[in-house]
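# Fold and geometry: a report
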Amino acid sequence: MFVDKTSEKKKRKKGSEPQSPEPPPTLPFSLISGAGEGFDMPVDPNEPTYCLCHQVSYGEMIGCDNADCPVEWFHFACVGLSSKPKGSWFCPLCTKEMGKL
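For clarity, every value in this text was computed on a predicted model and none was experimentally measured.

## Remarks on the overall build of the protein chain
- Of regular secondary structure, the protein chain possesses one helix and four strands.
- Starting at the N terminus and walking to the C terminus, you meet the elements of the protein chain as β-β-β-β-α.
- By residue count, 20% of the 101 residues in the protein chain fall in the buried class.
- In the protein chain, the proportion of contacts linking residues at least 24 apart, taken out of those at least 6 apart, comes to 28%.
- Here the protein chain displays about 8,600 Å² of accessible surface, and carbon together with sulfur accounts for 54% of that area.

## Comments concerning the side chain of histidine 75
- One can find histidine 75 in strand S4 (residues 73–75).
- Looking at histidine 75, its side chain comes within polar contact range of the main-chain oxygen of valine 56, at 2.9 Å.
- Leaving out residues up to four positions away in the same chain, histidine 75 has contacts with Cys51, Cys53, Gln55, Val56, Ser57, Tyr58, Glu60 and Met61.

## As for unusual backbone geometry
- At cysteine 51, a position not held by glycine, the phi torsion is positive, near 70°.
- Structurally, the position occupied by cysteine 51 is in the loop between strand S2 (37–41) and strand S3 (61–63).
- Using a relative accessible area of 2% as the deciding quantity, one classes cysteine 51 as buried.

## Re the nonpolar core
- Of all hydrophobic cores here, the largest spans twelve residues; its members are Cys51, Ile62, Cys64, Cys69, Val71, Phe74, Phe76, Val79, Leu81, Trp89, Cys91 and Cys94.
- Not counting chain neighbours up to four residues away, the residues in contact with cysteine 51 comprise Val71, Trp73, Phe74, His75 and Cys78.

## A word on the packing of aromatic side chains
- By the definition in use, this model includes one aromatic pair.
- Arranged with centres 5.7 Å apart and planes meeting at 65°, the rings of phenylalanine 74 and tryptophan 89 form a pair that is edge-to-face. Placement of the pair is phenylalanine 74 in strand S4 and tryptophan 89 in the loop between S4 and helix H1 (92–100), with a sequence separation of 15 residues. Accessibility assignment for this pair places phenylalanine 74 and tryptophan 89 in one class, buried.

## Re the confidence of the model for the protein chain
- The pLDDT averaged across the protein chain works out to 73; a share of 57% of its residues lies at or above 70.
- Note on residues 1–13: pLDDT is under 50 here. Beyond four places in sequence and across chains, it has two contacts.
- Note on residues 20–38: pLDDT under 50 across the span, and 28 contacts to partners over four residues away in sequence or across chains.

Criteria and cut-off values
Residues numbered from 1 in each chain as written. Predicted model: local features only at pLDDT ≥ 70, side-chain atom pairs only at ≥ 80, totals over all residues. Heavy atoms only, no water. Helix = DSSP H or I, 4+ residues; strand = E, 2+ residues; numbered from the N terminus. Buried < 20%, exposed > 50% of the residue type's maximum accessible area, 1.4 Å probe, protein only. Contact = heavy atoms within 4.5 Å. Areas by Shrake-Rupley, 256 points an atom, 1.4 Å probe, with all protein chains shown as cover. Polar contact = N/O pair within 3.5 Å; in protein donor to acceptor, adjacent residues only side chain to side chain. Core = buried A, V, L, I, M, F, W, Y, C linked by side-chain atoms within 4.5 Å. Phe/Tyr/Trp six-rings, centres within 6.5 Å; stacked < 30°, edge-to-face > 60°. pLDDT = per-residue confidence, 0-100.

The structure is reproduced here in structure tokens:
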């Protein structure tokens, strides 16, 4: 049998202040998706973001070999990788910039 307890009043000790409900977190939950990979997990609002998708670190990631890359780290799925490439790897942004030089 289902009992709705939302209407029950909580007993307070004498002289104690009524407690206000906790505020919701700034980022309650976020669906983190990376080209076919989906994770439903809480996200810390202070967690740094990476990649072209601007999401937190998860799964396999690769670092761009350009020391001046503005993004630095990328999810494999977001840059079309399924395994670590041999040798140096440059992200799509840096590859595009190097093509302009």
